[in-house]
Amino acid sequence: MSGSPGGTSRSGPALALFLAAVHVALAVSASIDRSATADETDYLGAGRWFLETGEWRTTAASFHPPLSYYLNSLLLPALPDRVREIGPDPRTGAVAYDRRVGEEILYRSGRVPAEILLRARLPLAAASGLLVLLVWAWAHEWLGRRSAALAATIVAFDPNLLAHAGVVATDSLLAVTYFAGAYAWWRFARRPTAARLVVFGLALALAMLSKFPGLLLAPAAGLLLAGRLVLDRGFAFPARLRAGGRLRRGPVGLALAASIVAPSAGLLSWAGYLFSTGRIVEAGVPHRTIDRLVPEALGLRSAAYSLAEAPWPAPAYVGCVQNLIGHSAAGHHAWFLGRTSLFGWRSYFPVTLAVKQRLAALALLAAGLLALGGARELGPGRPEAMLPPALMLG
């Protein structure tokens, strides 16, 4: 099934580009005649809103990071003056973006709503085409040109990906950036260099800015790293902050690796929030979490209060995490197989996987896992080989 991972014929990249173009064309053609979905006005034009007003106290910013918002705003016209002047609701302290801004942009901007919607959808469809190229690149580097061609073809015509690529939302972009981050980590694990670690940090930031599950890349990489250290004692880290450098194993290597990833991921993430700063908690009021967790001894609680009330970078991101934690704790009304619940069911994910995933895709996944288990050079001794099936199931 594999070709030589080392060789790249001219037809390989050309095929990948062709399949990516077909994927984008299919997504765009399907979106042209599709009316706005229920939640597209929650996101439409939010990036332009942040850039032109600097106002982060919105429902859009409280549920998702801004990268997809910037993308869907690339081709949109400037906001009308009356939209830029919309302020937060005095009762909630936030702008109800979907009702007050998103609907204004879509229906009352003086342009045909179908044109506005298509302009917002096009950049996200184009970004989805990058996933085809990434899948081809990873498969080619790992398994060869024939496997790359097959994998890219499957992705290009995947109905689930095509459906999400044609709407103004956050899911398709997360698929691209999360996959890019996993690919960057896999390349680092195969040949550790400082440059590849920086690339992983940047990809991690893009995943974090796409949707909050992108944060899972960091602990996933840590678990894979731990598995690699346990199962493959020959693993080494980059030793100096230069491409090609090698670094010692153990805690020192781990610390240096983190010191490379954290600044690159942190700086790009902060840039995504336009280098904004602000408090993440209200000053001068009791904070029950701090009071419960931090003792008063040695001034620890006072120091915790001072730290929490100081200006933080990207406070909207922290506020969004807090909002999602609170939302999860309170529960969310859901329906499944004739039942309702605030906190879901353990059986939901296996049932949904079996019903929503194509049988052919599940069969290919099973065949791939069997192939990995039987290939000594790709099997259990190389934990990063489990990334592709983990990505699919995730």
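Read on for an overview of the structure. In this text the structure is predicted, and so the values were computed from the model without any measurement.

### Some thoughts on the overall build of the protein chain
Each helix and strand counted, the protein chain has 19 helices and four strands in total. Residues classed as buried in the protein chain amount to 42% of the 394 residues present. Nonlocal contacts in the protein chain, meaning residues at least 24 apart in sequence, comprise 71% of its contacts between residues at least 6 apart. When the accessible area of the protein chain is evaluated, it comes to approximately 20,700 Å², of which 66% is carbon and sulfur surface.

### Notes on the environment of glycine 201
Relative to the helices and strands, glycine 201 is located in helix H11 (residues 194-210). In the structure, glycine 201 is positioned 57 residues away from alanine 258 in sequence and 9.3 Å away in space, judged by C-alpha atoms. Look past the residues within four positions of glycine 201 in its chain and what remains in contact with it is Val261, Ser264 and Ala265.

### Focus: the packing of helix H1 (residues 11-32) against helix H7 (residues 113-143)
For the pair H1 and H7, interaxial distance at closest approach is 8 Å and the crossing angle is 150°. Relative to H7, the element H1 is oriented roughly antiparallel. Handedness of the crossing formed by H1 with H7: right-handed. Residue-level contacts link Gly12, Pro13, Ala16, Leu17, Leu19, Ala20, His23, Val24, Ala27, Val28, Ser31 and Ile32 of H1 to Leu118, Arg121, Leu122, Ala125, Ala126, Ser128, Gly129, Val132, Leu133 and Trp136 of H7.

### Section: the packing of aromatic side chains
For the structure shown, the criterion picks out 18 aromatic pairs. Judged by centre distance (5.4 Å) and plane angle (20°), the rings of tryptophan 138 and tyrosine 183 are stacked. With tryptophan 138 in helix H7 and tyrosine 183 in helix H10 (residues 171-190), this residue pair connects regions lying 45 residues apart in the sequence.

### Structural notes on helix H2 (residues 46-53)
Count 3.6 residues to each turn of an α-helix, and residues three or four apart come out pointing the same way. Buried residues of H2: Ala46, Gly47, Trp49 and Phe50, and no others. Buried residues of H2, viewed axially, fall in a sector of 160°; they line one side. In the core, the buried residues of H2 are packed alongside helix H3 (59-63), helix H4 (67-73), helix H5 (81-84) and helix H6 (97-107). Glycine 54, located one to two residues past H2, shows a positive phi value of around 70°.

### Focus on the side chain of serine 73
Among the secondary structure elements, serine 73 is positioned in helix H4. Look at serine 73 and you get buried, because its relative accessible area is 4%. Excluding residues that lie within four positions of it along the chain, serine 73 makes contacts with Gly45, Ala46, Gly47 and Arg48.

Scoring rules and cut-offs
- Residues numbered from 1 in each chain as written.
- Predicted model: local features only at pLDDT ≥ 70, side-chain atom pairs only at ≥ 80, totals over all residues.
- Heavy atoms only, no water.
- Helix = DSSP H or I, 4+ residues; strand = E, 2+ residues; numbered from the N terminus.
- Buried < 20%, exposed > 50% of the residue type's maximum accessible area, 1.4 Å probe, protein only.
- Contact = heavy atoms within 4.5 Å.
- Areas by Shrake-Rupley, 256 points an atom, 1.4 Å probe, with all protein chains shown as cover.
- Axes fitted to C-alpha atoms, helices over the stretch in contact; angles between N-to-C directions.
- Parallel < 35°, antiparallel > 145°, perpendicular 65-115°, else oblique.
- Left-handed = near helix turned anticlockwise from the far one by under 90°.
- Phe/Tyr/Trp six-rings, centres within 6.5 Å; stacked < 30°, edge-to-face > 60°.
- Arc of directions from axis to C-beta.

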